[in-house]
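# Architecture at a glance
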Amino acid sequence: MPNLARIDKWLWAARIFKTRSIAVDAIKNGRVTIGGVNVKPSRMVKEGEVVSVKKPPITYSFRILKTIEMRVGAKLIPEVYENVTPKEQYELLEMSRISGFIDRQRGTGRPTKKERRAMDAFTDPFTFGFDEDDDFDDV
């Protein structure tokens, strides 16, 4: 009989979520899928299945290598799952980090000095580190 584990316990044990209750909430809200199908917290998972977890703005994908229900140390995580998230998702994450400076949430207050410099560098890259008479034809 293959090793089986509950999806909510596995997500917690594999350190994808900090607590089991957060994992259960994510599952109930449809942010966890297996094979494109929403699952229940009691769904049993087996080795080889691919679990997709939506943590906005991207969706992470993990291939289960070992079904566990007891939390393990961070050093043992490579034995538990393999991260199979497509590179496009990480590019989307980077784009959201960059654009996060442009569309600030209402009520977040004024930007810090660091955020202001990042916004200025993003909106006008030629004012930081480049002279107007630099020759960019060689690039």
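Calculation criteria
- Residues numbered from 1 in each chain as written.
- Predicted model: local features only at pLDDT ≥ 70, side-chain atom pairs only at ≥ 80, totals over all residues.
- Heavy atoms only, no water.
- Helix = DSSP H or I, 4+ residues; strand = E, 2+ residues; numbered from the N terminus.
- Contact = heavy atoms within 4.5 Å.
- Pairing = 2+ DSSP bridges.
- Phe/Tyr/Trp six-rings, centres within 6.5 Å; stacked < 30°, edge-to-face > 60°.
- Buried < 20%, exposed > 50% of the residue type's maximum accessible area, 1.4 Å probe, protein only.
- Core = buried A, V, L, I, M, F, W, Y, C linked by side-chain atoms within 4.5 Å.
- Arc of directions from axis to C-beta.
- Salt bridge = Lys/Arg side-chain N within 4 Å of Asp/Glu carboxyl O.
- Polar contact = N/O pair within 3.5 Å; in protein donor to acceptor, adjacent residues only side chain to side chain.

Moving on: the environment of Thr33. Tracing the sequence through the fold places Thr33 in strand β2 (residues 32–34). A sequence separation of 21 residues divides Thr33 from Lys54, and the C-alpha atoms of the two residues are 8.6 Å apart. Filtering out sequence-adjacent residues up to four positions away, Thr33 remains in contact with Asn38, Val50, Val51 and Ser52.

A few words now on the sheet that holds β2. Here we have 5 strands laid out as an open sheet, ordered β3-β2-β5-β6-β7, and antiparallel in their pairing. Each of the sheet's edge strands pairs with one partner strand only, and the pair in question is β3 (37–38) and β7 (81–83). Bridge count for β2 against β3 is 2 bridges, and the pairing is antiparallel. Bridging across to β3, Thr33 finds its partner in Asn38.

If you walk through the whole model with that rule in mind, you get 3 aromatic pairs. When the ring of Trp10 is compared with that of Tyr81, the centres are 6.0 Å apart and the planes differ by 65°; the resulting orientation is edge-to-face. Highlighted residues: Trp10 in helix α1 (residues 7–13) and Tyr81 in strand β7, separated in sequence by 71 residues. A single burial state applies to Trp10 and to Tyr81, both of which are buried.

Bringing the nonpolar core into the picture now. Among the nonpolar cores identified, the biggest contains 24 residues, and Ile7, Trp10, Leu11, Ile16, Val32 and Val51 are the most heavily contacted of them. Of all the secondary-structure elements, those providing two or more residues to this core are α1, α2 (20–28), β2, β5 (50–55), β6 (58–64) and α3 (77–80). Look past the residues within four positions of Val32 in its chain and what remains in contact with it is Ile7, Leu11, Phe17, Ala26, Ile27, Val37, Asn38, Val39, Val51, Ser52 and Val53.

Looking now at the side chain of Ser52. Mapped onto the elements of the fold, Ser52 is located in strand β5. When near neighbours in sequence (up to four residues on either side) are disregarded, Ser52 contacts Arg31, Val32, Thr33, Thr59, Tyr60 and Ser61.

The next subject is α2. For α2, the complete set of buried residues consists of Ala23, Val24, Ala26 and Ile27. Mapping the buried residues of α2 onto a view down its axis gives an arc of 160°, with all of them on the same face. Elements in contact with the buried residues of α2: α1 and β2. Positive backbone phi, at 80°, marks Gly30, one or two positions downstream of α2.

Below, the discussion takes up the pattern of salt bridges. Evaluated as defined, the whole model comprises 6 salt bridges. Note that Asp8 and Arg20 form a salt bridge whose closest N and O atoms lie 3.3 Å from each other. In this pair, Asp8 sits in helix α1 while Arg20 sits in helix α2, placing the two residues 12 residues apart along the sequence. According to the relative accessible area criterion, Arg20 is partly exposed, its value standing at 34%.

For Thr67, the position within the fold is in the loop between β6 and α3. We classify Thr67 as buried; its relative accessible area is 11%. Within the structure, the side chain of Thr67 is placed 3.4 Å from the backbone oxygen of Asn3, a separation counted as a polar contact.

Nothing here speaks to function; it is all geometry.
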